[in-house]
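Residue-level structure breakdown
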Amino acid sequence: MGDMFRSEKMALCQLYIQPEAAYASIAELGESGCVQFRDLNDQINSFQRKYVNEVRRCDEMERRVRYIENQLRKDEIKMPELDPDQEPSAPNPREIIDLEAQLEKTENELREMSANGASLHANFRHMQELKSVLENTEGFFSDQEVINLDSNRQTEGDDPTAVQAGAQRGQLAFVAGVIKLERFFSFERMLWRISRGNIFLRRNDISGLCEDEETGRQVLKTVFVAFFQGEQLKQRVKKVCTGYHADVYPCPSSAVERADMIRDVNTRLEDLKMVLNQSADHRNRVLSSAAKHLARWTIMVKKMKAIYHILNYFNPDVTGKCLIGEGWVPVRDLPTVQQALSRGSKLSESSIPAFMNVISTNEQPPTFTRTNKFTSGFQNLIDSYGMASYREVNPALYTCITFPFLFAVMFGDMGHALILVAFASWLIIKERQLASIKEEIFNIFFGGRYIILLMGLFSLYTGLIYNDVFSKSMNIFGSGWQNQYNTSTVTDENIEYLTMRPNISNFKTYPLGMDPVWQLADNKIIFLNTFKMKLSIVFGVLHMIFGVCMSVVNFIHYKKYASIFLEFLPQILFLLLLFGYMVFMMFYKWIVYNDSSLDQSLSPGCAPSILILFINMMLFGNQEPLEGCKEYMFEGQELLQTIFVVVAIICIPWMLLGKPLYIKAKRPKNLPAPNQTVVAPAGGHGHGGDDEPMSEIFIQQAIHTIEYVLSTISHTASYLRLWALSLAHAQLSEVLWNMIFSMGFIFDSYIGCIVIFLTFGAWSGLTVGILVLIEGLSAFLHTLRLHWVEFMSKFYEGAGYAFAPFSFKQILEDEGEG
Amino acid sequence: MGAAVLLVLFFTGLWAAIGIGGSIITPRGPQQKLTQCILMLTAGCCWLFWLCCYMAQMNPLIGPRLSKKVIQVMAQSWNMPITDG
């Protein structure tokens, strides 16, 4: 059968690999991406597994790679993007050693440079602050008073008594430094307090911003000089400076010494600047050369880690000469796996080739459906509801068309459809360039580009049939309605509206779609409503019948032939006899009732309401027909309806009791311990395993029956949302045109131009925003619900789990997103 | 008024050609079954949609209610002159 009809057949394989060939073989299998390995060691702690040291090495290398990446990002050096064909394969053991050495060397170099750089920077900053202290204190020391009082100007301590005497006489000492401006004011107050007012503080702000050593940000700093008397006060002042994180610098008081110091500091600053520049250059060089290789290194390390992870799943066999692993492989890919294993053995030049052995098992295999870029979107929609059971019929195949079609029934407008088609075409034509964008919302639209394209194309068709282009109709074939009133009636002042009668005004049926006259009519909605409601029910009942028929395919495949008679037959009879009959009545009414018929019972005044007929059929009721009309549409309808309802009612106990009684009859009478209470599966879809008690089966079948019977009615009514959304869409479109765009046509000539320009802007913005985006998303959601609930609940089990193969491509993609 | 048999046959034949004929001539390949399924479903849905619209209009039970202005504009631009009287 075709690819997507049901999921692929899977086989459980055992792989026997030599330890020396293991790494290369797993690398080849990772490139091919066909095998889902099972963890044979899951009861062993991760620290006790065989390859834990190698995993540690990989972790260490990953850490180094991350560190280098961070440094690159800090310096804003760009890494060149890697082409998909340049992707490196997993490194072999020699390359691993080289890679490790290179990473270690690069990391150590970078760390060293960072440390050196930090200390050089601190040095540079101190020099600069010292320089500003020296420059800014010019003003303080040139004051005559201060010079006289300056104790430091005394001869350098050769006369201790003179110094003592000088101190006693009140010579001033001073402390010069730099402090953050915002801290200066509380600093001043603190000094005032500890010196009891016996301190003299001068300050001079540094123009421009300086770097703060704690945070690295630029802040305002100020130079201060504090003059005071006495040794004790000096100690206290120094302590306060430390507390306020003010840097104290030795500042000579004499101008000559200061000038010398300034010159000295300047030369040292120049030297430091040169050293800093050279270090920055060196760091740049190292980082650039690392950046060239970093993308390849990252991929190689990731692949290595993944391979060792998988190797940890393997079990060494008894002799220890061979590693045994288990995994699920799609049957179609078995040759690929064989080739990968042989390539791996050849690469590692092992004497004994690896081989693979298919084993049979009772476990449920994972579900795998091969999709291409077109069908993967639809498969994702179905998988979001629930992963299909193994080898269950796959609804995604039909969803490719029914999903866009039901969307289009709700969206039918050619103008908006053109916008959708244009957008989707752009996404598809520019596929390659747009695939690399990582933004999440765009990725959602990009992933569904084929879905959007199909939705747009079908909407073009339904818009053609609904005859709706931005709420206007096209008249291609000539309208089938012609006004038959004469001039005097038409120009009569007392008459506003004239209603056309079908038998005189309608001379042909518009061949393709809705007649354009309806767009101009006042009672358009009444006519369209009956059309769209009947349309919705027709498609709804057909969709549901299709769903019920799908269950037959499942029954045949799982060889539950009895269920065809016990479950499918009553279900389809119930649906056909009641709702299929309603669809038949709709078509019959369309054909038979006529304004130009001679029989009065077939005239429009006597046309019965299908809904009333249906309700009366179910309740076995009657309704008095109007004068000249008949209650029923055709001879024998009453008898036919009674038969249908009776058979449908018989179907209910058939559904309710058929299958449980059959299971009871099939079970052997001497089943041991039938009172063993087995917990019923939470999903409610248990297939009556041999050990399930009969009461459980009866209850489950009762639930299914009630669910099905009620769902036939509620789901049929649910399909009326096709009508509701279509109506809302058409009305919104009309409102936007009449209330916004038409306003621009009132004015003439130049003013009209400007007004139309503005109203067109508003109209087109609202059209795209409300009608295409919001209505589109809304219709998408409703269509999805129709598929998930109304269609798939009739046959879908969805109790499988996804096939997650070991594939490097998948791992790299996941890491790229995360 | 009533069904134009030729028209119904034309559209039925058109969609049958697309659905059944198209399925027969799809080239062999991995996507053959998928293409056939898509063509048949498309043809079926689109034909049914057109049929419902046609059948809803072939025996209309009500007619459009038009304002005087619209009738006059229709008469002029759709070339359906109003009878004198």
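Note that the coordinates shown come from a computational prediction; the quantities given were computed from them, not determined experimentally.

Within chain A one finds 27 helices and 12 strands. A compact globule built from 818 residues would reach a C-alpha radius of gyration of about 28 Å, whereas chain A, at 43 Å, exceeds it by more than 25%. Once the C-alpha set of chain A is aligned to its principal axes, its extents read approximately 140 × 100 × 55 Å. Expressed as a percentage of the 818 residues in chain A, the buried residues total 47%. Long-range contacts, defined as pairs at least 24 residues apart, comprise 79% of the intrachain contacts of chain A with a sequence gap of at least 6. As displayed, chain A has an accessible area near 42400 Å², and 59% of this comes from carbon and sulfur atoms. Here chain A contributes 74 positively and 88 negatively charged side chains, and the mean placements of these two sets differ by 4 Å.

Let's shift gears to the pattern of salt bridges. Pairing of side chains with opposite charge becomes possible as their charged atoms draw close. Residue and element names in this part refer to chain A. Scanning all chains against the criterion turns up 29 salt bridges over all chains. Among the salt bridges present, the one from Arg111 reaches Glu107, with a minimum N-O distance of 3.0 Å. Pair noted here: Arg111 and Glu107 are both in helix 3 (residues 93-136), with a separation of four residues, about one helical turn. In this structure Arg111 comes out as partly exposed when scored by relative accessible area, which is 39%. Salt-bridge contacts for Arg449 lead to Glu431; the nearest nitrogen and oxygen are separated by 2.8 Å. Of this pair, Arg449 sits in helix 16 (residues 449-466) while Glu431 sits in helix 14 (residues 431-434); the two residues are 18 residues apart in sequence, bridging distant segments of the chain. Shared partners join several salt bridges into a network, and the residues in it are Glu60, Arg63, Arg64, Glu107 and Arg111.

Quick look at the confidence of the model for chain A now. Across chain A, the average pLDDT comes to 87, with 93% of residues at 70 or higher. Confidence drops under a pLDDT of 50 for residues 676-688 of chain A, and excluding neighbours within four residues, the segment shows 16 contacts in the predicted structure.

It is a general feature of regular strands that their side chains alternate between the two faces of the sheet. All names here are of chain A. Within strand 1 (residues 10-17), seven of the eight residues are buried, leaving the element largely enclosed by the surrounding structure. Pairing geometry for strand 1 and strand 10 (residues 323-330), over eight bridges, is antiparallel. Pairing of Leu15 across the sheet is with Gly325, part of strand 10. Alignment of strand 1 against strand 11 (residues 355-359), held across five bridges, turns out to be antiparallel. For Leu12, the partnering residue across the bridge sits in strand 11 and is Ile359.

Once that is clear, we can look at the sheet that holds strand 8 (residues 247-249) of chain A. All names here are of chain A. Taken in spatial order, the four strands of this open sheet run 4-7-3-8, and their pairing is antiparallel. For this open sheet the edge positions go to strand 4 (200-205) and strand 8, each flanked by a neighbour on one side alone. Along the sheet, successive strands turn relative to each other by an average axial angle of 25 degrees, direction set aside. In the sheet, strand 3 (residues 172-180) pairs with strand 7 (residues 221-229) via nine bridges, with the strands oriented antiparallel. If you follow Ala173 over to strand 7, its bridge partner there is Phe228. Most of the contacts of helix 3 go to strand 8, to which it runs at about 60 degrees, and overall it touches strand 3, strand 4, strand 7 and strand 8.

A word on the packing of helix 21 (residues 561-592) of chain A against helix 23 (residues 637-666) of chain A. The angle between the axes and the distance between the axes are what describe a pair of packed helices. Residue and element names in this part refer to chain A. Interaxial distance between helix 21 and helix 23 falls to 9 Å at its minimum, and their mutual angle equals 155 degrees. Considering their axes alone, helix 21 and helix 23 lie roughly antiparallel with respect to each other. Here the hand of the crossing between helix 21 and helix 23 comes out left-handed. In terms of residue class, the contact of helix 21 with helix 23 is made up of 21 nonpolar, five polar and two charged.

Residue and element names in this part refer to chain A. Over its 14 residues, helix 1 (residues 19-32) extends 20 Å from the first C-alpha to the last, a length consistent with the 20 Å expected when each residue adds 1.5 Å. Where burial is concerned, most of helix 1 is hidden: 10 out of the 14 residues are buried. Along helix 1, the positions that sit buried rather than exposed are Ala21, Ala22, Tyr23, Ala24, Ser25, Ile26, Ala27, Glu28, Leu29 and Gly30. Positive phi shows up at Gly33, right after helix 1, with a value of about 65 degrees.

Here the focus is the confidence of the model for chain B. Residues and elements named next belong to chain B. The predicted model of chain B averages 91 in pLDDT, with 98% of residues at 70 or higher. Of all the helices and strands in chain B, helix 3 (residues 68-77) carries the lowest mean pLDDT, 89, while helix 2 (residues 32-58) carries the highest, 95. With pTM at 0.84, the complex prediction returns an ipTM value of 0.96.

Here we take up the packing of helix 12 (residues 396-411) of chain A against helix 2 of chain B. Viewed as axis vectors pointing N to C, helix 12 of chain A and helix 2 of chain B meet at an angle of 25 degrees, and their least axial separation amounts to 8 Å. In terms of their interaxial angle, helix 12 of chain A and helix 2 of chain B are classed as roughly parallel. For the element pair helix 12 of chain A and helix 2 of chain B, the recorded crossing hand is right-handed. Contact residues: A:Leu397, A:Tyr398, A:Ile401, A:Phe405 and A:Val409 in helix 12 of chain A; B:Leu34, B:Cys37, B:Ile38, B:Leu41, B:Thr42, B:Cys45, B:Cys46 and B:Phe49 in helix 2 of chain B. Split by residue class, the contact of helix 12 of chain A with helix 2 of chain B holds 12 nonpolar, one polar and no charged.

A few words now on the pairing of strand 10 of chain A. Residues and elements named next belong to chain A. With eight of its eight residues buried, strand 10 lies for the most part within the structure. Because side chains alternate across strand 10, one face comprises the buried residues Leu323, Gly325, Gly327 and Val329, and the other comprises Ile324, Glu326, Trp328 and Pro330, equally buried. Alignment of strand 2 (residues 36-38) against strand 10, held across three bridges, turns out to be antiparallel. If you follow Arg38 over to strand 10, its bridge partner there is Glu326. With two bridges connecting them, strand 9 (residues 315-316) and strand 10 associate as antiparallel partners. Each bridged residue has a counterpart across the sheet, and for Pro316 the counterpart in strand 10 is Leu323.

In this section: the interface of chain A and chain B. Tallying the contact residues gives 71 residues for chain A and 47 residues for chain B. Approximately 5500 Å² of surface area, both sides summed, lies buried where chain A meets chain B, with 70% of it carried by carbon and sulfur atoms. Considering only the surface of chain A that becomes buried against chain B, A:Ile401, A:Thr509 and A:Trp590 emerge as the three largest contributors, covering 11% of it. The salt bridge involving B:Arg65 is made with A:Asp522; its shortest N-O contact spans 3.3 Å. Remark: the boundary between chain A and chain B carries 17 residue pairs in polar contact (both at pLDDT 80 or more). Tallied by class, residues from the side of chain A that touches chain B come to 42 nonpolar, 20 polar and nine charged.

Cut-offs used in this document
Residues numbered from 1 in each chain as written. Chains lettered and ligands numbered in written order. Predicted model: local features only at pLDDT ≥ 70, side-chain atom pairs only at ≥ 80, totals over all residues. Heavy atoms only, no water. Helix = DSSP H or I, 4+ residues; strand = E, 2+ residues; numbered from the N terminus. Rg over C-alpha atoms; globule rule 2.2 N^0.38 Å. Buried < 20%, exposed > 50% of the residue type's maximum accessible area, 1.4 Å probe, protein only. Contact = heavy atoms within 4.5 Å. Areas by Shrake-Rupley, 256 points an atom, 1.4 Å probe, with all protein chains shown as cover. Lys, Arg positive; Asp, Glu negative; His and termini not counted. Charge placed at Lys NZ, Arg CZ, Asp CG, Glu CD. Salt bridge = Lys/Arg side-chain N within 4 Å of Asp/Glu carboxyl O. pLDDT = per-residue confidence, 0-100. Pairing = 2+ DSSP bridges. Axes fitted to C-alpha atoms, helices over the stretch in contact; angles between N-to-C directions. Parallel < 35°, antiparallel > 145°, perpendicular 65-115°, else oblique. Left-handed = near helix turned anticlockwise from the far one by under 90°. Nonpolar A, V, L, I, M, F, W, Y, C, P; charged D, E, K, R; others polar. Expected span 1.5 Å × (residues − 1). Buried area = accessible area lost by both parts, 1.4 Å probe. Polar contact = N/O pair within 3.5 Å; in protein donor to acceptor, adjacent residues only side chain to side chain.

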